[in-house]
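Listed here are the chains, written in short residue letters.
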Amino acid sequence: MAIPRCACARACLLLLALLPCRGLFQPAGEARLLLEIKRAWGDPAVLAAWNASAAGAHCSWPYVRCDAAGRVTSLSLANANVTGPFPDAVGNLTGLTYLDVSNSSIFGPFPTSLSRCRSLQYLNLSGNYFGGELPADIGGRLTANLTTLDLSFDGFNGTIPASLSRLRNLRFLALMYNSFVGTIPAELGDLTSLQVLKLARNPFDAGELPASFSKLTNLRTLAAWQSNLVGDFPSFVVDMPELQFLYLTNNSLTGSIPSGVWNLKKLQILDANLNNLSGNLAVDGFAAASLKGIDLSRNNLSGTIPEVFGSLENLTELYLARNNFSGEIPASIGRLPSLRIVGLDNNRLNGTLPPELGKHSPSLADVYAHDNELTGAIPERLCEGGQLGLFTAARNRLNGSIPARLATCATLKFLSLESNKLSGQLPELWEGGQLWYFTASYNQLNGSIPAGLTKCHSLQRLRLDNNNLSGQIS
């Protein structure tokens, strides 16, 4: 019996539906799209290997990666310095999961063609010349698969769209160094998978970090320097157990630093310089043993420097300058093995400089201690590690002589000791180093000016007046 024609047709359609769709995808089509992208950028030399004669090998072209079927899954063009508008053809690479065109010269508005890339997980458009406002519905246009969105160092303006909160899988969001205005959307607090949030260097309206950020408990990096922040230091950061890097520099934050900050076990960098913070550095328990950098300079902080800072074996940079700290500098700071820079100038510190400063810190390079009320001697072994480049202790009450080891410190370039009570003779052997700035006027130095100092040809500024020295600089 003959099978009815309609039944045969239905069977064929069913069979086609069950078979792999090999005919619906053509690798040659991916090559054509890549060539369109190349043409949109003016056939740059960096993409010379993308050519029609090698279309069948597009998966081996530089900057391109494919899946087993020949679909382009990755375009990694960071620093390729291509120029031109964003090619619309990129949106037709439907298998694209990774796109990085950072640090080039691409211009134009945010590329809405990317809404067609429904597999996209990583998107980096940073360091280009994009501009204009982001689409209000950007969170709906981009795929929910997105885990990384980097739009930093571009020219975007307008407000940050609240719809970004729809990208719930985002772990990395960078919007810094643009021209965003308005306030920081509270809706960003819904991005609870975020590990990195960078909002810095935008001319936002004066406002606080949203209280909703307290939900960002997976955050490792929060960068919000120069963001026109006002109000108290954000207390919710003490409940971010994964926090490693906190940058709040150059804002107008007030109030004190919550003591709980010092209990963040993974915190490595605390940078809140150039604000209006006040009060003591209250330390109620201390677990932040991972700290590598503390910068609280240029605030109104007072009280003493916490003794516990001298236990931070990973600390490389300590900046507390231009505050109202008083009392003595913990001697234990002089025993920190990783210390590279210490800035304590322009406070009301008294007592002595840590006697062992430099002895246990082979990388010690810069010491700023000027404009305090320090007494006692200059530490003998400041240049023990052979890296010291700068030492300023002017306008204190230091006494004793200038250590001979400073005269043999080949790396020393900047030495400022004026307006102290230093006495004795200047040490010999200044020649052969890199010293270009040396001031020690208004002290009680005596004897003759060392011959080696007169032969120190790198010197550009030398002030030794108002002492009891004899001789001249040639």
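No experiment lies behind these values; they were computed from the predicted model shown. (Residues numbered from 1 in each chain as written. Predicted model: local features only at pLDDT ≥ 70, side-chain atom pairs only at ≥ 80, totals over all residues. Heavy atoms only, no water.)

*Asks:* Even after reading the chapter, I still don't get the sheet that holds strand β33 (residues 468-470), so can you show me in this structure?
*Replies:* Picture the strands of a sheet paired through backbone hydrogen bonds; they go either parallel or antiparallel. With respect to topology, four strands assemble into an open sheet ordered β27-β29-β31-β33, the strand pairing being parallel. At either end of the open sheet lies a strand with only one pairing partner, and these are β27 (399-400) and β33. Pairing geometry for strand β29 (residues 421-425) and strand β31 (residues 444-448), over three bridges, is parallel. Residue Gly-424 lies in a different strand from β31, and its bridge partner there is Leu-445. (Pairing = 2+ DSSP bridges. Helix = DSSP H or I, 4+ residues; strand = E, 2+ residues; numbered from the N terminus.)

*Asks:* What should I look at first to understand the UniProt feature "domain: Leucine-rich repeat-containing N-terminal plant-type" (unreviewed entry) in the protein chain in this one?
*Replies:* Sequence positions flagged by UniProt for "domain: Leucine-rich repeat-containing N-terminal plant-type" (unreviewed entry) are, in local numbering, residues 29-67. The distance separating the terminal C-alpha atoms of residues 29-67 is 14 Å; by composition the span is 31% helix and 8% strand. (UniProt positions renumbered as here; feature names shortened; annotations may be inferred.)

*Asks:* What's the story with the state of the cysteines in this structure? I'm lost.
*Replies:* Two cysteines whose sulfur atoms are joined by a covalent bond form what is called a disulfide. Within this structure, the stated rule accounts for two disulfides. Disulfide pairing is shown between Cys-59 and Cys-66; the S-S distance is 2.2 Å. The sign of the S-S torsion, about -100°, decides the handedness of the disulfide formed by Cys-59 and Cys-66: left-handed. Each disulfide pairs two cysteine sulfurs, and for Cys-383 the partner residue is Cys-409, the sulfurs being separated by 2.1 Å. Between Cys-383 and Cys-409, the disulfide has an S-S torsion of 65° and is therefore right-handed. Of the two residues, Cys-383 is situated in the loop between β25 (366-368) and β26 (390-392) and Cys-409 in the loop between α4 (404-407) and β28 (414-416); the sequence distance between them amounts to 26 residues. You'll find Cys-383 and Cys-409 in the same group, each marked buried. When the cysteines engaged in disulfides are numbered in sequence order, the protein chain pairs them as 1-2, 3-4. (Disulfide = S-S within 2.5 Å. Buried < 20%, exposed > 50% of the residue type's maximum accessible area, 1.4 Å probe, protein only.)

*Asks:* Just to check I follow, could you spell out the environment of Asp-88 for this structure?
*Replies:* Structurally, the position occupied by Asp-88 is in the loop between β3 (83-85) and β4 (98-100). Along the backbone, Asp-88 and Pro-234 are 146 residues apart, and their C-alpha atoms lie at a distance of 42 Å. Not counting the four nearest positions on each side in its chain, Asp-88 is found in contact with Ser-113 and Arg-116. (Contact = heavy atoms within 4.5 Å.)

*Asks:* How should the pairing of strand β7 (residues 129-133) be read in this particular structure?
*Replies:* The pairing of strand β5 (residues 105-108) with β7 spans two bridges and is classified as parallel. Opposite Phe-107, over in β7, you have Tyr-129 as the bridge partner. With three bridges connecting them, β7 and strand β9 (residues 155-159) associate as parallel partners. By the bridge assignment, Gly-131 is partnered in β9 with Gly-155.

*Asks:* Which parts of the structure should I look at to understand the pattern of salt bridges?
*Replies:* When the charged atoms of two side chains with opposite charge come close together, those side chains can pair. For the coordinates displayed, the defined rule picks out eleven salt bridges. Of the charged contacts in the structure, one is a salt bridge between Glu-317 and Arg-340, with a shortest N-O distance of 2.4 Å. A residue pair is termed long-range when its members are at least 10 positions apart, and Glu-317 in strand β21 (residues 317-319) and Arg-340 in the loop between β22 (324-328) and β23 (341-343) qualify at 23 residues. When its relative accessible area of 24% is taken as the criterion, Glu-317 is described as partly exposed. Among the salt bridges present, the one from Arg-463 reaches Asp-465, with a minimum N-O distance of 2.7 Å. Three or more residues joined by partner-sharing salt bridges are found here, namely Asp-371, Arg-395 and Glu-418. (Salt bridge = Lys/Arg side-chain N within 4 Å of Asp/Glu carboxyl O.)

*Asks:* I tried to follow the packing of aromatic side chains on my own but got confused; where do I start?
*Replies:* Aromatic ring pairs: the centre-centre distance and the angle between the two ring planes describe each pair. This structure, assessed with the given rule, holds 15 aromatic pairs. Centroid distance Phe-414 to Trp-436: 5.8 Å. Interplanar angle 75°. Geometry classified as edge-to-face. One end of the pair, Phe-414, is in strand β28; the other, Trp-436, is in the loop between β29 and β30 (437-439), with 22 residues separating them in the sequence. Taken together through their ring pairs, the aromatic side chains of Phe-86, Phe-110, Phe-130 and Phe-156 make up a single cluster. (Phe/Tyr/Trp six-rings, centres within 6.5 Å; stacked < 30°, edge-to-face > 60°.)

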